[in-house]
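# Topology and contacts: notes
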Amino acid sequence: MSAAPVVVVPIHNALEALDACLAALDRTLPAGSPVLLADDASTDPRIEPLARGWCDRTRLDARYVRRPRNLGFPANCNAAFAETGDADVVLLNSDTVVTPGWLVQLRRCADSDPRIATITPWSNNAEICSWPRFCEDNPAPEFPDAIAEAAAGLAPTYPELPTAVGFCMFLRRAALRQLGDFDASTFGRGYGEENDFCLRAAAMGWRNVLCDTAYVVHHGGASFAPLDMAPGGENLARLLARWPDYNERVARFIMADPLAPRRIALEQRLQALAAAGPQRDLFG
């Protein structure tokens, strides 16, 4: 298997979500796994001691970097790309909760095809990668590890996506080298930069895929919602100015719904595991 990517957690406030995210990393990653906490000048004074304290205690190879001023999400990520050398990276939002085996599954997906630029796992709240209901903000499940176990037991197909979903996004370093990083000058504080990157990747022959054997919980909106920032708006207009057929590409994907068989397979696998073990409500 390829070398472990650096897990980059971009941070801006959202203390409780960050605490849960870091605890899940501790629980699911092997000792020595590289993690970079990239704090985009959080205004909550509790963030830095929480992050530094976690770095001091964890078994992981973790470090904390605080930006001297707020750069915005794309520029913060770009700085993190520069701080992680030649390694592949996984951008992991601080409002996620990872599950056992998640990074192993992403790495296996990456190893399956050197032309894969980005990888997104299943989640409860991941737009086109949402499960069980497609393109919906499903509630966070009570037993996410059971869903992860079911997903890991599937035969992978790694289906093509029109774009990655940024809550948990593997990026191959070779693609970053060829394509450049996020367009911070166009997308400012955030939204649209990962879609633009994926469209650039596809135009150059790279692939954006779903890792249909991995599952990560995503609560959504922990950092951006308090700033009154929502998807779309000016950044969507900027994205469409560069890629006029973007909405059409996504609409065609949604109408065709090529992931439907994979969602059904995951549900069937989960129900089979539930039937074989203690009876419980896996969906909370």
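Above this text sits the structure in question.
Residues numbered from 1 in each chain as written. Predicted model: local features only at pLDDT ≥ 70, side-chain atom pairs only at ≥ 80, totals over all residues. Heavy atoms only, no water.

### Some details on the pairing of strand β4 (residues 89-92)
The two faces of β4 match: V89 and L91 on one face and V90 and L92 on the other face are all buried. When strand β1 (residues 6-11) meets β4, the two strands line up parallel, connected through three bridges. In the strand pairing of β4, V8 is matched with L91. Bridge count for β4 against strand β7 (residues 168-171) is four bridges, and the pairing is antiparallel. Its bridge partner lying in β7, L92 is registered against C168. (Buried < 20%, exposed > 50% of the residue type's maximum accessible area, 1.4 Å probe, protein only. Helix = DSSP H or I, 4+ residues; strand = E, 2+ residues; numbered from the N terminus. Pairing = 2+ DSSP bridges.)

### Comments concerning the sheet that holds strand β6 (residues 116-122)
Whenever strands of a sheet pair, they do so through backbone hydrogen bonds, lying parallel or antiparallel. Spatially, β3-β2-β1-β4-β7-β6-β8 is the arrangement adopted by the seven strands of the open sheet, whose pairing is mixed. Of all the strands in the sheet, the pair left with one neighbour each is β3 (61-66) and β8 (207-215). The sheet shows a mean angle of 20 degrees between the axes of neighbouring strands, direction not considered. Pairing between strand β2 (residues 34-39) and β3: six bridges, direction parallel. Looking at β3, one finds that P34 is bridged to D61. The strands touched by helix α3 (residues 73-82) within the sheet are β1, β2, β4 and β7, with β1 carrying the most contacts at an inclination of about 150 degrees. Where helix α8 (residues 193-203) meets the sheet, its contacts fall on β6, β7 and β8, and the angle it forms with β7 comes to roughly 35 degrees. (Axes fitted to C-alpha atoms, helices over the stretch in contact; angles between N-to-C directions. Contact = heavy atoms within 4.5 Å.)

### Structural notes on the environment of S2
Structurally, the position occupied by S2 is in the segment before β1. With a relative accessible area of 25%, S2 lands in the partly exposed category. In the structure, S2 is positioned 108 residues away from A110 in sequence and 8.3 Å away in space, judged by C-alpha atoms. Ignoring any residue separated from it by four or fewer positions in sequence, one finds S2 in contact with R107 and D111.

### Examining the environment of L18
Relative to the helices and strands, L18 resides in helix α1 (residues 15-28). Remark: the alpha-carbon pair of L18 and L50, spanning 32 residues in sequence, is separated by 8.9 Å. Leave out the neighbours within four places in its chain, and L18 touches V9, I11, I47, L50 and S94.

### Overview of the side chain of Q105
Residue position: Q105 is located in helix α4 (residues 102-111). Not counting the four nearest positions on each side in its chain, Q105 is found in contact with A152, C211, T213 and A214.

### A few points about the packing of aromatic side chains
By the definition in use, this model includes two aromatic pairs. When the ring of F81 is compared with that of F182, the centres are 5.4 Å apart and the planes differ by 70 degrees; the resulting orientation is edge-to-face. Taken as a pair, F81 in helix α3 and F182 in the loop between α6 (173-179) and α7 (184-187) lie far apart in primary sequence, 101 residues in all. With a relative accessible area of 4%, F81 lands in the buried category. For the pair F182 and F197, a centre-to-centre distance of 5.9 Å together with 80 degrees between the ring planes defines the contact as edge-to-face. With F182 in the loop between α6 and α7 and F197 in helix α8, this residue pair connects regions lying 15 residues apart in the sequence. Comparing F182 with F197, the two get one shared label, buried. Linked through ring pairs, F81, F182 and F197 together constitute an aromatic cluster. The ring of W206 carries R115 above its face, with NZ or CZ at 4.0 Å from the centroid. (Phe/Tyr/Trp six-rings, centres within 6.5 Å; stacked < 30°, edge-to-face > 60°. Lys NZ or Arg CZ within 6 Å of the ring centre and 35° of its normal.)

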